[in-house]
Amino acid sequence: ARTAPAAGFSFLQVSDSHIGFRKAANPDAAVTYREAIARIKTLPEKPAFIVHTGDITQLSKAEEFDTAEQIIAEAGLPVFHVPGEHDMLDEGAGAAYLSRFGKGAKGTGWHAFDHQGVHFVALVNVANLKPGGMGSLGEDQLAWLANDLGGRSASQPIVVLAHMPLWTITADWGWGTEDSGRAMALLNRFGSVTVLNGHIHQIMQKTEGHIAFHTARSTAFPQPAPGTAPGPGPLTVPAEQLRTMLGLTSVSLSGPGPSTLTDRT
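Residues numbered from 1 in each chain as written. Predicted model: local features only at pLDDT ≥ 70, side-chain atom pairs only at ≥ 80, totals over all residues. Heavy atoms only, no water.

The subject of this paragraph is the overall build of the protein chain. Looking only at helices and strands, the protein chain features six helices and eleven strands. Since a compact globule built from 265 residues should have a radius of gyration of about 18 Å, the 17 Å found for the protein chain is in line with a globular shape. Taking the principal axes of its C-alpha atoms as reference, the protein chain extends roughly 50 × 45 × 35 Å. When the 265 residues of the protein chain are sorted by exposure, 54% land in the buried category. For the protein chain, contacts bridging at least 24 residues in sequence account for 71% of all contacts bridging at least 6. On the protein chain, roughly 11000 Å² of surface is accessible, and the fraction owed to carbon and sulfur atoms is 52%. Of the side-chain charges in the protein chain, 19 are positive and 24 negative, and the distance between the mean point of each set is 6 Å. (Helix = DSSP H or I, 4+ residues; strand = E, 2+ residues; numbered from the N terminus. Rg over C-alpha atoms; globule rule 2.2 N^0.38 Å. Buried < 20%, exposed > 50% of the residue type's maximum accessible area, 1.4 Å probe, protein only. Contact = heavy atoms within 4.5 Å. Areas by Shrake-Rupley, 256 points an atom, 1.4 Å probe, with all protein chains shown as cover. Lys, Arg positive; Asp, Glu negative; His and termini not counted. Charge placed at Lys NZ, Arg CZ, Asp CG, Glu CD.)

Shown next, in the form of structure tokens:
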């Protein structure tokens with residue numbers, strides 16, 4: 001993994017661990033999640049923390065959250081989470097997630113924090129999915145975001161975390177967020193914005209002005225590229241190929257310039 005100079009820092013993104021998933025695409029997603037965390041422990045430079053961009057579990061079951069929490073704790077690093085739609089399947093519509101990872105968060109789990117001059121915003125776009133599966137932020141969260149960003153210097157680097165993409169990759173598959181344009185309008189004035197998400201289980205990137213969008217691999221299973229299958233879902237590949245399509249992301253930040261991302265299988 002690439003690390004930032006002394007003036008900066010690095011952190012790691014993991015996503016879509018889907019603990020509890022046991023199907024042909026991966027007989028036990030806990031095994032590959034544990035392998036990813038073991039790799040983190042061997043990194044020569046210790047990152048500041050880990051962010052998990054959702055779908056921690058497959059079915060929001062207590063035992064799945066237990067296993068996921070135990071595995072990531074092995075890294076020995078602070079961890080910040082955002083929920084995926086698979087983490088909000090319990091009868092409380094996300095209550096199990098919030099009780100574990102949402103302490104101090106607002107609404108359905110959105111929150112913000114700062115580290116060495118960089119402002120992190122963790123958004124929730126899976127609590128009110130639109131027809132076709134598109135994500136949504138909603139009025140309350142957008143109002144909170146406007147308040148959170150208001151008054152901040154345009155030179156402050158911003159990192160945005162979300163589960164579903166905050167740009168529309170393919171609406172037919174629900175790979176986007178219906179009202180993301182309103183969030184981007186609030187972020188446009190900042191000189192360096194990095195947006196990180198999961199959900200699509202593959203690497204895609206795009207830049208609009210000063211906003212750089214990056215998707216991440218899953219630690220559980222791949223999904224097909226848009227247009228290569230009738231729809232999204234677990235992609236079964238030969239066993240020897242699976243681990244080449246899983247991974248984590250190292251992000252380095254230093255000064256006001258853009259972040260540097262290194263994807264690791």
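Structure shown, so let's carry the discussion forward.
Strand order across the open sheet formed by six strands is S4-S5-S6-S7-S9-S8, with mixed pairing between neighbours. Lying at the two open borders of the sheet, with one neighbouring strand each, are strand S4 (111-115) and strand S8 (205-208). Strand-to-strand twist across the sheet, computed as the mean angle between neighbouring axes with direction ignored, equals 15°. The pairing of S4 with strand S5 (residues 118-122) spans five bridges and is antiparallel. By the bridge assignment, Ala-112 is partnered in S5 with Val-121. Sheet strands touched by helix H4 (residues 139-149): S4, S5 and strand S6 (158-161). Its angle to S5, the strand with the most contacts, is close to 175°. In the packing of helix H5 (residues 180-187) onto the sheet, the strands contacted are S6, strand S7 (193-197) and strand S9 (211-215), and the crossing angle to S9 comes to about 135°. (Pairing = 2+ DSSP bridges. Axes fitted to C-alpha atoms, helices over the stretch in contact; angles between N-to-C directions.)

What follows covers the confidence of the model for the protein chain. Detailed reading of the predicted model is not advised wherever pLDDT is low. For the protein chain, the mean per-residue pLDDT works out to 94, and 96% of the residues sit at or above 70. Scored below 50 in pLDDT, residues 1-6 makes 16 contacts in the model with residues more than four places away or belonging to other chains. (pLDDT = per-residue confidence, 0-100.)

Attention now goes to the sheet that holds strand S10 (residues 248-253). The strand order across the open sheet formed by five strands is S3-S2-S1-S10-S11, and the pairing between neighbours is mixed. A strand with exactly one partner marks an edge of an open sheet, and here the two such strands are strand S3 (79-81) and strand S11 (260-264). In this sheet, neighbouring strand axes are inclined to one another by 25° on average, regardless of whether the strands run parallel or antiparallel. The pairing of strand S1 (residues 9-14) with strand S2 (residues 50-52) spans three bridges and is classified as parallel. Note on S2: the bridge partner recorded for Leu-12 is Ile-50. Each of S1, S2, S10 and S11 touches helix H1 (residues 29-41); the most contacted strand, S1, lies at about 170° to it.

What follows deals with the side chain of His-201. Along the chain, His-201 turns up in the loop between S7 and S8. Among the polar contacts listed, one links the side chain of His-201 to the side chain of Asp-16, at a separation of 3.1 Å. At a separation of 3.4 Å, a polar atom in the side chain of His-201 contacts the side chain of His-18. If near-sequence neighbours (up to four positions away) are discounted, His-201 is found in contact with Asp-16, His-18, Ala-216, Arg-217, Ser-218, Phe-221, Pro-222 and Gln-223. (Polar contact = N/O pair within 3.5 Å; in protein donor to acceptor, adjacent residues only side chain to side chain.)

All right, on to the packing of aromatic side chains then. Enumeration according to the criterion identifies 15 aromatic pairs in this entry. Ring geometry for Phe-49 against Phe-80: centres 5.3 Å apart, planes inclined by 85°, an arrangement best described as edge-to-face. Linking Phe-49 in the loop between H1 and S2 with Phe-80 in strand S3, this pair joins segments that are 31 residues apart in sequence. For Phe-49, a relative accessible area of 2% gives the class buried. (Phe/Tyr/Trp six-rings, centres within 6.5 Å; stacked < 30°, edge-to-face > 60°.)

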